[in-house]
Amino acid sequence: GKFAFFHSDNFDTEQTADEFFVTEKTTGTRYQIHFAGQEIPQAKTDDLVVVHGVQAGAHIAATANDAQVTSSSAVAAISTPQTLKKVAVILINFQNSPTQPYTPDFARGVMFTNTTGANAYYQEASFGKLGLTGYARSDGDIYGWYTIPYDSTTCSYSSWATAAEAAAKADGFVRTNYNDIEYAFPKSACTWWGLASIGGNPGQSWVNGSYATKVVGHELGHNFGMHHANTYRCTDSTGVTVYISSTCKSTEYADPFDIMNSGSN
């Protein structure tokens, strides 16, 4: 069936979580997959996979090697001339909290037009080979605010996305026009700052509360297929950091020079 890989980030506590699902191709039944230990499969969102494991209701226990990709969604390669990713931002709030903590123009700046925004970051980091744009507007497509028929007291992010897209259709939103879609909303019961699919067609990301480049750019990086920017710290027998040794440890989020760390600009 079709694979889905979602990654959440809590930059306050530097805690992360992964969720994996497969939707059976013929019946449409969706299963959550629980991989052993800290294993992560090679599959990305929208890949077609065959999963072997132990099923219990809507859950499957497996190892990472038990998810075999049969057809890849293949994140588009960065090439010359410049690749422009078409991105839609949909602003939503809730029936119990219809607040609008920032303007659509503020969101457009953070995603598309600010010199310190996500578009500027990816332009610089790729030496001009990757940029962000809209479908209707070259300076970025922002839809909303829309009040969706859900409360902020749950974390029903998948249902929120469906409701957001349904509301945006009245303003001309068409899902297939975009490489990536982001849903942004005021602070909710979700425990993360951001959540994103690893890959996907389109890629999806959710921004909970603070709308800042460090969150927006980081979650987009997951859509582009990237994981976290870690460091590899090695120490000698006394615990002093050295270039290389037999005692080295990978530390998640710890590369201070990359937006895929714990949220630095």
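Residues numbered from 1 in each chain as written. Predicted model: local features only at pLDDT ≥ 70, side-chain atom pairs only at ≥ 80, totals over all residues. Heavy atoms only, no water.

Visitor: Kindly report on the sheet that holds strand β14 (residues 231–235), identifying the contributing residues and their values.
Guide: Ordered in space as β15-β14-β16, the 3 strands form an open sheet in which the pairing is antiparallel. Strands with a single pairing partner mark the edges of an open sheet, and in this sheet they are β15 (241–242) and β16 (247–251). Pairing geometry for β14 and β16, over 5 bridges, is antiparallel. For threonine 231, the partnering residue across the bridge sits in β16 and is threonine 251. (Pairing = 2+ DSSP bridges. Helix = DSSP H or I, 4+ residues; strand = E, 2+ residues; numbered from the N terminus.)

Visitor: Describe the pattern of salt bridges, with residues and values.
Guide: All chains considered together, the criterion is met by 3 salt bridges. Aspartate 105 is the partner of arginine 108 in a salt bridge, and the nearest nitrogen-oxygen pair spans 3.0 Å. With arginine 108 and aspartate 105 both in helix α1 (residues 104–113) and 3 residues apart, the pair spans about one turn of that helix. Here arginine 108 falls in the buried class, since its relative accessible area comes to 7%. Aspartate 139 serves as the salt-bridge partner of arginine 137, at 2.9 Å between the closest nitrogen and oxygen. Since its relative accessible area comes to 40%, arginine 137 is described here as partly exposed. (Salt bridge = Lys/Arg side-chain N within 4 Å of Asp/Glu carboxyl O. Buried < 20%, exposed > 50% of the residue type's maximum accessible area, 1.4 Å probe, protein only.)

Visitor: Before we move on, could you go through a nonpolar patch on the surface and cite the residues and values that matter?
Guide: Where nonpolar side chains cluster on the molecular surface, the patch consists of Tyr232, Tyr243 and Ile244 and spans about 500 Å² of accessible area. Topologically, tyrosine 232 is positioned in strand β14. (Patch = residues over 30% accessible without salt bridge, like charges linked within 9 Å, V, L, I, M, F, W, Y side chains within 5 Å. Areas by Shrake-Rupley, 256 points an atom, 1.4 Å probe, with all protein chains shown as cover.)

Visitor: Provide a residue-level description of the state of the cysteines, including the pertinent values.
Guide: With the rule as written, the count across this model stands at 2 disulfides. The side chain of cysteine 155 participates in a disulfide bridge whose partner is cysteine 190; the two sulfur atoms lie 2.0 Å from each other. Where cysteine 155 bonds to cysteine 190 through sulfur, the torsion about that S-S bond is close to 105°, and the disulfide is right-handed. Residue cysteine 155 is located in the loop between β10 (141–148) and α3 (157–168), and its partner cysteine 190 is located in the loop between β11 (180–185) and β12 (194–197); the two are separated by 35 residues in the primary sequence. The disulfide that involves cysteine 234 links it to cysteine 248, with 2.0 Å between the sulfurs. Here cysteine 234 and cysteine 248 share a disulfide; its torsion about the S-S bond, 105°, makes the bridge right-handed. Of this pair, cysteine 234 sits in strand β14 while cysteine 248 sits in strand β16, and the two are 14 residues apart along the sequence. (Disulfide = S-S within 2.5 Å.)

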